[in-house]
Amino acid sequence: MTHAVLTVLIFLAILFIFHGIFLLLLLKPQSKRNLAQNADEYLIVYASQSGQTESFALQTAQQLSASGYVVQCLSIEQVSAALFKRGLKILWIVSTYGEGDAPDSARQFVKNIMTKSFDLNDIEYAVLAFGDSHYANFCNFGRQLDLWLTENHAQALFPMICVDQLNPTGLTEWQTQLDLVLPQYSAQPVQLTQHPFHSVVLSERHLLNQGSLGHPMYHLVFTQVEALCWKSGDILEIQCANTDSQIKAFLDRFNLQNSNVFQANHSIALLRFKNLRSFDAMQHSTAFEQWLAQAEDLPIREYSIASITSQNQIELVVRREVHQTGLGLGSGYLTHALALGEQISCRVRSNPAFYLVQNDQPIILIGNGSGIAGLMSHIRQRAEWSFQQNWLIYGERQYQVDLGFADQLNLWQQQSVLPQIDYAFSRDTDNQKYVQDCVLEKSAQLKQWIEQGASIYICGSLKGMAQGVETVLIDILGENQFEQLIEQKRYLRDVY
C-alpha cells in the first residue's frame, strides 16, 4: 500500500468518525425534544352550557400552545374512554347548570363514562369549576367530576378550584396554580371575553298580571340600544345599581352626608354600585369609611331578551321577587326602583346553547312564566325569516289574569306565524294542569313533529316545569331517542 493510498484511507476514516459523531449530536437533541413533547402534552376538556366556559378553555389552550406545550382541546361530548389510556395530563374546565346539573353537552359523559370504573393512576388532572353560589349545589358537577377522578386513582395536580359567577379571585387562583405546575407557562392570565357595558334607557314598563296569585310580572322596554348587538336567544346582563333616591335615603337614614369620605367626593356616584344592604347600621363616619373601602359591588343579574335586533329596542319580562329582606336585587331594581327615563348599565351575553338554526324545520317552544321572553324572541326571528312551522306550549297560573301577551300571541296565530298554541293553567279550577301535562296530552302530535325534524326549545323554570317536561319527553320518546335529540342539538334549554 502506497503512502498516498494510506493517507486517503486515514482521511476517509476520520470523515466517517466525524460523520457518526455529527449524527449522534443531531439525533440526541431531537430525541429529547420528542420526550419533552410527550411530557408536556396536555388535554383540555370543557363542559359548557352558555359558551363562556368553552371560551375560557379555548383561550387557555392558545396560551399553553404559545408557551411550547402540545395541547388538544375537546368538548366533553367528544371524550371517550380510549383517551384515558394515553396517560395525559388533563385540565377539566367545566360549568354547572341549574340546580347542580351537568351541562347538556356532558350528559352522555356522565351516563357512559362516570358510571364506570377505570384505572386512571397514570392520569394527572386539575379541575376548574364554574358555578353560581346562589344555588344550593354550587359547582356540583365540578365536584362530582373531581370525586370520580379521585375514586379512579387519578393524580390531582392541585385541588379543584371553584369560580363563583366569573369572580376574578377564582380565575387568579387557577392561574397561580398553573404557573406552579407548568414551568414553561409564562402567559398573561386568561380573561373571559365579554362584551363591554353600555347604557340604555327604560322607556316603558307594564304590569302584565294585575290580580295574579303570583308575584307581579312586568314587560320592560329599553331604547337607545344602538351600541348593542344580539341574536334571538341571547341574554342581557344587567349591573344592579342604586338609584339617586335610594342613595339619598341611605345617607339620610344613617346621617352619613357629613362623613369625610362622602364630603371629599361629594358625589352619589361613590355609592352607585355598592351593596347598601350590607351596611350594618353603624352610624359613625369612621365605620362608614371602613365599610366603603371593603364593600362589594352589587351583582349582575341575567334576563332572557324577548325582542330581536330589527325592533331597535330590548324587551325583557321580569317577575318581581320578594324575600324576607325585601325585593330581589335585580327584579326590585328593574320593576320598582328604576324610574322611566333612567339609564341602566348592561351588556349582551351570547347564549349559543339556545340559538335557532336558520332552516324551515319545525320547532316546538315550551315554557312558563317569564320564560315567555326567550320564546317570543324565537317566534319573532322565525317570523322575520318567514318560517311558520312553530308550535307554542305555555303555562301560567290563571287564564284571566296571567296571560299578559294574549293579544300578540293571538295576532301571530291569525297571521299563521304561530299556527298552534296550547296553554296550561295550574290554578284554574275547571281546567287545572301543568305544562308537562299538556305535553303528555299532545304526545302523538309531538312525536309526529319530532319525526319531521322538529327541534324543542324550553325556556322558564328549571324546577317543576323543565324537569317535568324532560321526564314526560323521555316517557313519550324513549330514552334513546331523547338522548339523540340532545346529541343532534335539537333539544335546547334556557332555564333557571
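Note that the coordinates shown come from a computational prediction; the quantities given were computed from them, not determined experimentally.

Rules used in this analysis
- Residues numbered from 1 in each chain as written.
- Predicted model: local features only at pLDDT ≥ 70, side-chain atom pairs only at ≥ 80, totals over all residues.
- Heavy atoms only, no water.
- Axes fitted to C-alpha atoms, helices over the stretch in contact; angles between N-to-C directions.
- Helix = DSSP H or I, 4+ residues; strand = E, 2+ residues; numbered from the N terminus.
- Parallel < 35°, antiparallel > 145°, perpendicular 65-115°, else oblique.
- Contact = heavy atoms within 4.5 Å.
- Nonpolar A, V, L, I, M, F, W, Y, C, P; charged D, E, K, R; others polar.
- Pairing = 2+ DSSP bridges.
- Buried < 20%, exposed > 50% of the residue type's maximum accessible area, 1.4 Å probe, protein only.
- Salt bridge = Lys/Arg side-chain N within 4 Å of Asp/Glu carboxyl O.
- Core = buried A, V, L, I, M, F, W, Y, C linked by side-chain atoms within 4.5 Å.

1. Overview of the packing of helix α14 (residues 443-451) against helix α15 (residues 462-477)
For any two helices packed against each other, the geometry comes down to the angle between their axes and how far apart the axes lie.
Part 1 of the reasoning: As a packed pair, α14 and α15 sit with axes 10 Å apart at the nearest point and diverge in direction by 75°. Accordingly, the angle class assigned to the pair α14 and α15 is roughly perpendicular. Each of Ser443, Leu446, Lys447 and Ile450 in α14 lies in contact with α15, whose residues at this interface are Leu473, Ile476 and Leu477.
Part 2 of the reasoning: Its residues assigned to classes, the contact of α14 with α15 shows five nonpolar, one polar and one charged.

2. Regarding the sheet that holds strand β9 (residues 235-239)
Part 1 of the reasoning: The sheet built from six strands is open, its strands ordered β10-β9-β14-β7-β8-β11 with antiparallel pairing. Where the open sheet ends on each side, the last strands, each with one partner, are β10 (300-304) and β11 (314-319). Taking the axes of each pair of neighbouring strands and ignoring which way they run, one obtains an average angle of 40° across the sheet.
Part 2 of the reasoning: As paired elements, strand β7 (residues 198-207) and strand β8 (residues 217-223) share six bridges and run antiparallel to each other. Within the sheet, the bridge partner assigned to valine 201 lies in β8 and is threonine 223.
Part 3 of the reasoning: Relative to the sheet, helix α9 (residues 329-337) contacts β7, β8, β9, β10, β11 and β14 (343-349), its axis offset from that of β10 by approximately 65°.

3. Remarks on the pairing of β14
Part 1 of the reasoning: The element β14 is extensively covered by neighbouring structure, given that five of its seven residues are classed as buried.
Part 2 of the reasoning: The pairing of β7 with β14 spans four bridges and is classified as antiparallel. Within the sheet, the bridge partner assigned to valine 200 lies in β14 and is isoleucine 344.
Part 3 of the reasoning: In the sheet, β9 pairs with β14 via four bridges, with the strands oriented antiparallel. If you follow isoleucine 238 over to β14, its bridge partner there is cysteine 346.

4. Section: the pattern of salt bridges
Part 1 of the reasoning: Summed over all chains, the structure comprises 18 salt bridges.
Part 2 of the reasoning: For the salt bridge of aspartate 244 with arginine 272, the shortest nitrogen-to-oxygen distance reads 2.7 Å. Pair noted here: aspartate 244 is in helix α6 (residues 244-254) and arginine 272 is in the loop between α7 (260-265) and α8 (285-294), with a separation of 28 residues, a long-range link.
Part 3 of the reasoning: The exposure class assigned to arginine 272 is partly exposed, which follows from its relative accessible area of 22%.
Part 4 of the reasoning: A salt bridge links arginine 493 to glutamate 470, with the nearest nitrogen and oxygen atoms 3.7 Å apart. Of this pair, arginine 493 sits in strand β19 (residues 491-495) while glutamate 470 sits in helix α15, and the two are 23 residues apart along the sequence. By the burial criterion, arginine 493 is buried, and glutamate 470 matches it.
Part 5 of the reasoning: Three or more residues are tied together by salt bridges with common partners; here these are Asp104, Arg107, Glu470, Glu483 and Arg493.

5. Comments concerning the sheet that holds β19
Part 1 of the reasoning: Spatial ordering of the open sheet is given by β17-β16-β15-β18-β19, a layout of five strands whose pairing is parallel. The open sheet has two edge strands, β17 (420-425) and β19, and neither has a second partner. Taken over all neighbouring pairs, the strand axes of this sheet differ in orientation by 10° on average, direction set aside.
Part 2 of the reasoning: Relative to the sheet, helix α10 (residues 372-384) contacts β15 (363-368), β16 (390-396) and β18 (455-460), its axis offset from that of β15 by approximately 155°.
Part 3 of the reasoning: Strands in contact with α15 are β15, β18 and β19; relative to β18, the strand with the most contacts, it is inclined by about 160°.

6. Some details on the nonpolar core
Part 1 of the reasoning: Residues Phe84, Trp92, Phe109, Val127, Leu145, Trp148 and Leu149 are the most contacted members of the largest nonpolar core, which totals 30 residues.
Part 2 of the reasoning: Counting only elements with at least two residues in this core, the list comes to β1 (41-47), β3 (89-95), β4 (124-131) and α4 (140-151).
Part 3 of the reasoning: A per-element tally of this core places α4 first, with four residues.
Part 4 of the reasoning: With sequence-adjacent residues up to four places away left out, phenylalanine 109 is seen in contact with Ile76, Val79, Phe84, Trp92, Met114, Leu145 and Trp148.
Part 5 of the reasoning: Residues Tyr97, Leu462, Val469 and Tyr491 belong to the second largest nonpolar core, which totals 28 residues.

7. Details of α15
Part 1 of the reasoning: Residues of α15 that are buried include every one of Leu462, Met465, Ala466, Gly468, Val469, Glu470, Val472, Leu473, Ile476 and Leu477, and no others.
Part 2 of the reasoning: Two residues or fewer after α15 comes glycine 478, characterised by a positive phi angle close to 90°.

8. Some thoughts on unusual backbone geometry
Part 1 of the reasoning: Its identity as a non-glycine residue notwithstanding, serine 386 has a phi of 65°, on the positive side.
Part 2 of the reasoning: Note that serine 386 resides in the loop between α10 and β16.

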